[in-house]
Amino acid sequence: MPRTAKVPEMPFIGSLQRDAGPLGLQLVRAIRDAVARGALKPGEPLPSTRALADALGVSRGTVVEAFEQLVAEGVLAAQAGAGTRVAATLAPATPPRRPRNAAELAPASLAFARIASEFSALPQAPFAVSVPAGAAAPNDAWRRLGNRLRASGSAAPSGYGDPQGALPLRVAIADYLRRSRSVQCDASQIVITTGTQQGLFLSCQVLLDRDDAVWVENPAYRGITAILESTGPRERIVRVPVDEEGIDVDAGIALAPHARAAFVTPSHQYPLGMPLGMARRKALLGWAESHRAWVVEDDYDSELRYAGHPFPSLQGLAPDRVVYLGTFSKILYPSLRLGYAVLPDALVDAYIGARILMDRHPPAADQHVLAAYIEEGHLDRHIRRVRGVHAERRACVIDALARHVPPHLAWLQPSDQGMHLVMWLASGIDDRQMVKDAVAAGVALRAVSPLYAQENGPAGLILGFGGFSDQAIDAAASKLGAILRTAGR
């Protein structure tokens, strides 16, 4: 069936004024101006003369005369049987843009604008983080389940959903977390989120008053520090140092013993990669219990471990004091935008209320597909496959870097989990400039130093090892080595 051209409604014409001169001339001016401003594009069809005359309340002859005048000027083009269009030969309009005036923006607006620039997407090239490998993408089972559930109606669009999330998915997640992460919960304690980022935002909204002190790792995921900076004074953010055992709890107690909450990545510290040692886990939970504080456990990629067994979750050790956040972005694909928060009973209603004010409820269709994907065993098989694929990609990246990057200029931080590596840079090399030079050369990187307090940490690079071929990784490592040699001079 041939596609029908979209005919503009032409609201810019408005109503013609009978006391403001000839109606046909008013119509000519309105259409001519619309073409000049870009409201009508070259080649775009116009309504029929009869339809436009009816809409404007004028005679058809008035519209015909206006169209004929504009055809004669070359603004419009008429063809028998094809109606009247804006002349395709006209150059596209480029109306001048009003320059942005920062003085008109509130400080909060400027802060959000900065965050937008920090989180701009990297090109889909090595070494972008969280790019699913082709072999690790969800297989045909996902598509078949989606088709089946939409046909049955359970995953078809309907009315408003449960702000807590679809019950079948919450039941499936509770069982999955019990088996895989030793999480103690049932479906009533789970709120479905649109990924970990929303879980972090909800946690800041629910757990903290504006001036409450809060522990954050140093370095830390920029997503949490940006939230805290945008929702309260920076002074409340207590940056607690990290060493080879993870967050230094004694240092946190010395800095702010009465903090209201601690945001941690205990399974795989972001970005450095070490797990939180068992002694530190007990110390952290002991502090939280004695001070009636909350621990927010961001367990963003614990499924992707390549050696040994992961520590059990913090939540399983203290379910009444820990908010456990997880996501399916890393093991399925980021655009799915489905995660979860496992909550102490006392917090469930507060999280649901905050969620309602944010976006009412998560999209329903994919929740039902994901629930079936978990229940029928596809997720467990998928994770095993993903772990193998990413282990191969990780080994390929490490090998390529060893061949192309001079060891006196850069070296890798030990890590056996996740979808990224940290590469430290020699003294005198600016990681921010390295990122700019690499992106210009077609290599995608993130800098480490901005993730520290005052954005003043040691220079390093975050390298992902997702869905890229051996050849692409080798070429990117070669470019990175060349850029490093130039910077090292």
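If you're wondering where the values come from, they're calculated on a predicted model, not measured in any experiment.

Participant: How would you summarise the side chain of Thr 196 if you had to cite specific residues and measurements?
Facilitator: Here Thr 196 lies in helix H7 (residues 196-207). Residue Thr 196 is classed as buried on the basis of its relative accessible area, which comes to 11%. Those residues in contact with Thr 196, other than ones at most four positions away along the chain, are Asp 298, Leu 325, Gly 326 and Thr 327.

Participant: I'd like to hear about helix H2 (residues 49-56), residue by residue, with values.
Facilitator: Every α-helix carries 3.6 residues per turn, so stepping three or four residues along brings you back to the same face. Along H2, the residues classified as buried are Thr 49, Leu 52, Ala 53 and Leu 56. Down the axis of H2, the sector holding all buried residues measures 100 degrees, keeping them to one side. Of the exposed residues in H2, those oriented more than 90 degrees away from the buried face are Arg 50, Asp 54 and Ala 55. Buried residues in H2 make contact with helix H1 (23-37) and helix H3 (60-73). At the exit of H2 stands Gly 57, carrying a positive phi of roughly 70 degrees.

Participant: Could you give me a rundown of the pairing of strand E1 (residues 76-79), with the residues and numbers involved?
Facilitator: In the sheet, E1 pairs with strand E2 (residues 83-86) via four bridges, with the strands oriented antiparallel. Note on E2: the bridge partner recorded for Ala 78 is Thr 84. Between the end of E1 and the start of E2, which pair antiparallel, lie three residues, with Gly 81 showing a positive phi angle near 80 degrees.

Participant: Any details on the pattern of salt bridges? Residues and values, ideally.
Facilitator: Evaluated as defined, the whole model comprises 22 salt bridges. As a salt-bridge pair, Arg 393 and Asp 470 come within 2.6 Å of each other at their nearest N and O atoms. Residue Arg 393 is located in helix H13 (residues 378-404), and its partner Asp 470 is located in helix H15 (residues 470-488); the two are separated by 77 residues in the primary sequence. Overall, Arg 393 belongs to the buried group, its relative accessible area being 12%. When its relative accessible area of 39% is taken as the criterion, Asp 470 is described as partly exposed. The network of salt bridges with common partners includes Arg 114, Glu 118, Arg 222, Glu 229, Arg 234, Arg 432 and Glu 455.

Participant: Pulling in residues and values, what's your account of the packing of aromatic side chains?
Facilitator: Tallying each qualifying case throughout the model produces eight aromatic pairs. Ring-pair connections join several aromatic residues into one group, and the members of that group are Trp 142, Tyr 333 and Tyr 373. The aromatic ring of Trp 294 is capped on one face by Arg 321, whose charged end is 4.3 Å from the ring centroid.

Participant: An account of the pairing of strand E9 (residues 322-327) is requested, with residue identities and associated values reported.
Facilitator: Counting buried positions along E9 gives six out of six residues, so the element sits mostly inside the fold. Sheet topology places strand E8 (residues 294-298) next to E9; four bridges connect them, and they run parallel. Along E9, the bridge assignment pairs Glu 297 with Tyr 324. Sheet topology note: the E9/strand E10 (residues 339-342) ladder contains four bridges and is antiparallel. The residue bridging Gly 326 from the neighbouring strand is Tyr 340, located in E10.

Participant: Hey, could you go over the packing of H7 against helix H11 (residues 348-359) for me, with residue numbers and the actual values?
Facilitator: The geometry of a pair of packed helices is captured by two quantities: the angle between their axes and the separation between those axes. It is at 10 Å that the axes of H7 and H11 come closest, and there the two elements cross at 120 degrees. Helix-helix and strand crossings are classified by hand; for H7 and H11 the assignment is right-handed. Contacts between H7 and H11 involve Gln 198, Phe 201, Leu 202, Ser 203, Val 206 and Leu 207 on the former and, on the latter, Ala 350, Tyr 351, Ala 354, Arg 355, Met 358 and Asp 359. Of the residues assigned to the contact of H7 with H11, the class counts are eight nonpolar, two polar and two charged.

Cut-offs and rules
Residues numbered from 1 in each chain as written. Predicted model: local features only at pLDDT ≥ 70, side-chain atom pairs only at ≥ 80, totals over all residues. Heavy atoms only, no water. Helix = DSSP H or I, 4+ residues; strand = E, 2+ residues; numbered from the N terminus. Buried < 20%, exposed > 50% of the residue type's maximum accessible area, 1.4 Å probe, protein only. Contact = heavy atoms within 4.5 Å. Arc of directions from axis to C-beta. Pairing = 2+ DSSP bridges. Salt bridge = Lys/Arg side-chain N within 4 Å of Asp/Glu carboxyl O. Phe/Tyr/Trp six-rings, centres within 6.5 Å; stacked < 30°, edge-to-face > 60°. Lys NZ or Arg CZ within 6 Å of the ring centre and 35° of its normal. Axes fitted to C-alpha atoms, helices over the stretch in contact; angles between N-to-C directions. Left-handed = near helix turned anticlockwise from the far one by under 90°. Nonpolar A, V, L, I, M, F, W, Y, C, P; charged D, E, K, R; others polar.

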